Amino acid sequence: MATIARARPRAFQQWNRQLALAYTNQVRRASTTVEPFRLAIIGSGPAGFYTAYRFMKNNEHAKVDMYESLPVPYGLVRFGVAPDHAEVKNCREKFEEVAASPDFTFIGNVTVGASSDHPDGATVPLSSILRHYHAVVFSYGSSEDRKLGIPGEELKGVFSAREFVGWYNGLPEYADLNPDLSLGAHGDTLIIGNGNVAMDVARILLKSPEELAKTDIAAHALDALSKSKTHNIRIIGRRGPIQAAFTTKELRALYKLPGVEVRPYELEHPAAYDVLPPPIKRRTELLSKGSSLPPNPSNPYPSVTFDFCLSPLEFDHKPEQPSSTPPNWVTSATFGKTVLQNPNQHHPSTDYETNNHREYYNQKATARLPPQPKTVTFNTRYVFKSIGYKSTPLPEFSPLGIPFNTSTGVIPNDGIGRVLTKLHRPHQLPSSSHPAHHQPHIELPHHFKGLYCSGWVKRGPQGVIAETMMDAFTTADAITEDLTKREKFLPEGEWGQDGKGWEAVKAEALKGNSNARVVSWEDWKAIDRAEIERGQKAGTGKEREKFVRREDMLAVLGDGGR
């Protein structure tokens, strides 16, 4: 934690601690039971851990309980980061530092609100958590995929990137996905989306099994990828190359794949190239160069082609295709040519060619389909939709009055992390024109005291882990600010504010449930050691061999896991 300490003056840290201690003393005076300020964090991914880290650093006397629905922690770091990006997972060391604190409790295999999908899993009501903590942070990430909403989306061979990434990273939810990757020779493999996840999917599909065997990729995925016939990949975006979301680092990782040709993309309007900011210019320059491989006409290299300004219209299955194609399997995908436009232009020009030329280098340009777009169709057996994830509300949000924006998939908040609800107040108008009982009401954003959010459920599924860290720090600082200002937290009365934390929740919610297995941090470390031992036995330099099923994770704990 020394790095963060240098970033904040020592006097400021001491001031924070004194104020936190003053609040704790206030709580002590208000009750015969001495209870510190206790914070619940729902979700154990980067957002949750970084929130805990920052808050605990600035509030030495606070207690943090972290709830996780799976028996294992780390969320996106374990199940989202590509297995060949081991360096990105180094943040686990910081998380272990947090978990080593006596003021931190990990509560794994416990689902909040919804019933656990495993017979040995525990379920606790959100209302119970609200009764026994001073504040709650929602950091549970995204659990659904965005849909294209086009014909054929349900065909076999059409996968979401979220389920495919979860499958090769060992997420129990997708342990049985079992994609047949042997049909790639019958057409292009299409990846729809221009973010870093799309680049991860392309790289994992083309990387050699020998290289993947050294990573922590799930064993079932390594076996399936070793039989893959994927040869040509197209990465397709709705917008242009300037608006693409992938980073230069991820693009370079594709270029480093041995024996893989990344085909150059020819810029349509090179005259304006120099107006780009340096980072975008470097990325675009790399994209336009392509990889340098010697000609090999007798045995073409596996390839990656970038296509831009194309929007999917339909996925199709044609029975007349080769009999090796299974029934109801995608055989073609049709795309429409999109038009770039200025997002601030409310009445875009119908001169599409002029529009594209003018907005080509506008980094914020959006894409739309004209009424009768030009179309292109690709033969394919695999389509991976990498068009974004979406968070969902916990089941008790609505009954408890906790807001959620289902269209954006985020909890309404003030941008700092305080959950906002709407306060209804009568609009003050002259009484002569509007009698009091007829006065119209206005809705004012109002902080839902004691509730906070961080990560993707706060700002949407975007950004790298470093951005999630800064976002989580902002939320933690908001809680600290409210604490030092002695703001109200979760209301007394119906929910209480007894600050008894997990022990009270467990006694209230799990009474009589002898089958529930709650996983502690020490339990997780036992699972962790078992996975590392399995990796060592593989003999390939593998860091670990993940358990991909809950029952296998819990079996490591034996009866002591109950």
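This text gives an overview of the structure that appears in the document. Quantities reported herein were computed from a predicted structural model and do not represent experimental measurements. (Residues numbered from 1 in each chain as written. Predicted model: local features only at pLDDT ≥ 70, side-chain atom pairs only at ≥ 80, totals over all residues. Heavy atoms only, no water.)

1. Considerations on the environment of Leu251
Our working rule: Strands are runs of DSSP state E lasting at least 2 residues, helices are runs of H or I lasting at least 4, and numbering of each runs from the N terminus. Any two residues having at least one pair of non-hydrogen atoms within 4.5 Å are treated as being in contact.
Relative to the helices and strands, Leu251 is located in helix α11 (residues 248-255). Once the C-alpha coordinates of Leu251 and Leu287 are considered, the two residues, 36 residues apart in sequence, prove to be 7.8 Å apart. With near-sequence residues (within four places) excluded, Leu251 lies in contact with Met199, Phe246, Arg283, Leu286, Leu287 and Phe306.

2. Comments concerning the packing of aromatic side chains
How two aromatic rings sit relative to each other is set out by the distance from centre to centre and by the angle between their planes. What counts, and what does not: Whether two aromatic rings pair depends on their centres lying within 6.5 Å, for rings of Phe, Tyr and Trp, where Trp uses its six-membered ring; planes under 30 degrees apart make the pair stacked, over 60 edge-to-face, and the rest tilted.
One pass over the structure, following the stated rule, counts 29 aromatic pairs. Members of the aromatic cluster, each reached through a chain of ring pairs, are Phe49, Tyr50, Tyr53, Tyr74, Phe95, Phe104, Phe106, Phe473, Trp521 and Trp524.

3. A closer look at the pattern of salt bridges
A pair can form between side chains of opposite charge whenever their charged atoms are brought close. For clarity, the threshold we go by: By definition, a salt bridge exists where a carboxyl oxygen of Asp or Glu is found within 4 Å of a side-chain nitrogen of Lys or Arg. Each residue gets one of three labels from its accessible area relative to the maximum for its type: buried under 20%, exposed over 50%, partly exposed in between, using a 1.4 Å probe on protein chains only.
Throughout the structure, instances matching the rule amount to 38 salt bridges. We note a salt bridge from Arg517 to Asp120, for which the minimum N-O separation is 3.9 Å. Note that Arg517 is positioned in the loop between α17 (502-509) and α18 (521-538) and Asp120 in the loop between β4 (110-112) and β5 (122-124), a separation of 397 residues in sequence. Taking the relative accessible area as the measure of exposure, Arg517 reaches 7% and is therefore buried. As a salt-bridge pair, Asp216 and Lys546 come within 3.8 Å of each other at their nearest N and O atoms. Of this pair, Asp216 sits in the loop between α9 (209-212) and α10 (219-226) while Lys546 sits in the loop between α18 and α19 (550-555), and the two are 330 residues apart along the sequence. Judged by relative accessible area, Asp216 falls into the buried class, the value being 3%. For Lys546, a relative accessible area of 3% puts it in the buried group.

4. Focus on empty space enclosed by the protein
Heads up, the rule is: We place a 1 Å grid over just the protein atoms. Points where a 1.4 Å probe fits but has no way out form a cavity, open points with protein on both sides within 12 Å along at least 5 of 7 lines form a pocket, and any residue with an atom within 4 Å of a point lines it. Grid points are joined across faces, edges and corners, and a volume is the space filled by probe spheres set on the points. Throughout this entry, Asp, Glu, Lys and Arg are counted as charged residues, while Ala, Val, Leu, Ile, Met, Phe, Trp, Tyr, Cys and Pro are counted as nonpolar. The remaining residues, Gly among them, count as polar.
This structure, assessed with the given rule, holds 2 cavities of 30 Å³ or more. Reported here for the largest cavity is a volume of approximately 60 Å³. Tyr74, Arg78, Lys89, Arg92, Asp216, Trp524, Arg544 and Lys546 are the residues that line the largest cavity. When grouped by side-chain class, the residues that make up the lining of the largest cavity number 2 nonpolar, no polar and 6 charged.

5. Quick look at the nonpolar core
Counted only if it meets this: For this analysis, a nonpolar core means a set of buried residues of the types Ala, Val, Leu, Ile, Met, Phe, Trp, Tyr and Cys, connected via side-chain atoms within 4.5 Å.
Residues Phe104 and Phe306 are the most contacted members of the largest nonpolar core, which totals 112 residues. Here the element with the most residues in this core is helix α8 (residues 196-206); it accounts for 7 residues. Ignoring any residue separated from it by four or fewer positions in sequence, one finds Phe306 in contact with Met199, Ile235, Phe246, Leu251, Leu254, Val262, Tyr265 and Leu287.

6. Some thoughts on unusual backbone geometry
One non-glycine residue, Tyr74, lies in the positive phi region at around 95 degrees. Tracing the chain through its elements places Tyr74 in the loop between β2 (63-67) and α4 (76-79). With phi around 55 degrees, Cys309 is a residue other than glycine that occupies positive phi space. Examined against the element boundaries, Cys309 turns out to sit in the loop between β12 (303-307) and β13 (310-316). Looking at Cys309, the relative accessible area reads 4%, which means it is buried.

7. A word on the side chain of Ser391
Threshold: Polar contact criterion, stated in full: a pair of N or O atoms within 3.5 Å, where within protein one must be able to donate a hydrogen and the other to accept it, and residues adjacent in sequence count only if both atoms are side-chain atoms.
Residue placement: Ser391 occurs in the loop between β18 (389-390) and α14 (397-400). At 2.7 Å, the side chain of Ser391 and the backbone oxygen of Gly141 are in polar contact. Engagement of the side chain of Ser391 in a polar contact is seen with the side chain of Ser142, the distance being 3.1 Å. In this structure, Ser391 is in contact with Gly141, Ser142, Ser143, Phe404, Gly409, Trp456 and Val457, ignoring residues within four places of it in sequence.

8. A look at the environment of Pro461
Looking at where Pro461 falls in the secondary structure, it is placed in the loop between α15 (456-459) and α16 (465-484). Among the residues examined, Pro461 registers a relative accessible area of 26% and is labelled partly exposed. Here Pro461 is in contact with Ser142, Tyr389 and Trp456, once residues within four sequence places are set aside.

9. Quick notes on helix α12 (residues 278-289)
Stated formally: The span expected for a helix works out to 1.5 Å for each residue beyond the first. Working note: the arc is built from the helix axis to C-beta atom directions.
Over its 12 residues, α12 runs 16 Å from end to end, which matches the ideal 16 Å to within 8%, given 1.5 Å per residue. Those residues of α12 that fall on the buried side of the exposure criterion are Ile280, Arg283, Thr284, Leu286 and Leu287. Down the axis of α12, the sector holding all buried residues measures 160 degrees, keeping them to one side. Counted as exposed and oriented over 90 degrees from the buried face of α12: Pro278 and Lys289. In this fold, the buried residues of α12 make contact with α11 and β12. After α12 finishes, the residue Gly290 shows a positive phi value of roughly 75 degrees.

10. So, the packing of α11 against α12
For clarity, the cut-off: Helix axes are fitted only over the stretch in contact, all axes being lines through C-alpha atoms; the angle between N-to-C directions runs from 0 to 180 degrees. For classification, angles of less than 35 degrees are called roughly parallel, those exceeding 145 degrees roughly antiparallel, those between 65 and 115 degrees roughly perpendicular, and all remaining angles oblique. In a left-handed crossing the near helix is turned counterclockwise from the far helix by less than a right angle, and in a right-handed crossing that turn is clockwise.
Interhelical geometry of α11 versus α12 gives an angle of 20 degrees and a closest axis separation of 10 Å. Judged on the interaxial angle alone, α12 and α11 are roughly parallel. When you trace α11 past α12, the crossing you get is left-handed. From α11, Thr248, Leu251, Arg252 and Tyr255 reach across to α12, where they touch Pro279, Arg283, Leu286 and Leu287. Among the residues making up the contact of α11 with α12, the classes are represented as 5 nonpolar, 1 polar and 2 charged.

11. Points about the pairing of strand β9 (residues 188-192)
Our working rule: Note on pairing: two strands pair once DSSP finds at least 2 bridges between them.
Within β9, 5 of the 5 residues are buried, which leaves it mostly tucked inside the rest of the structure. Alternating residues of β9 divide into Asp188, Leu190 and Ile192 and Thr189 and Ile191, and every residue in both groups is buried. Looking at chain direction, β9 and strand β17 (residues 375-385) are connected through 5 bridges and run parallel. What sits directly across from Thr189, in β17, is Tyr382. With 4 bridges joining them, β9 and strand β10 (residues 232-236) adopt parallel strand pairing. Directly across from Ile192, in β10, lies its bridge partner Ile236.

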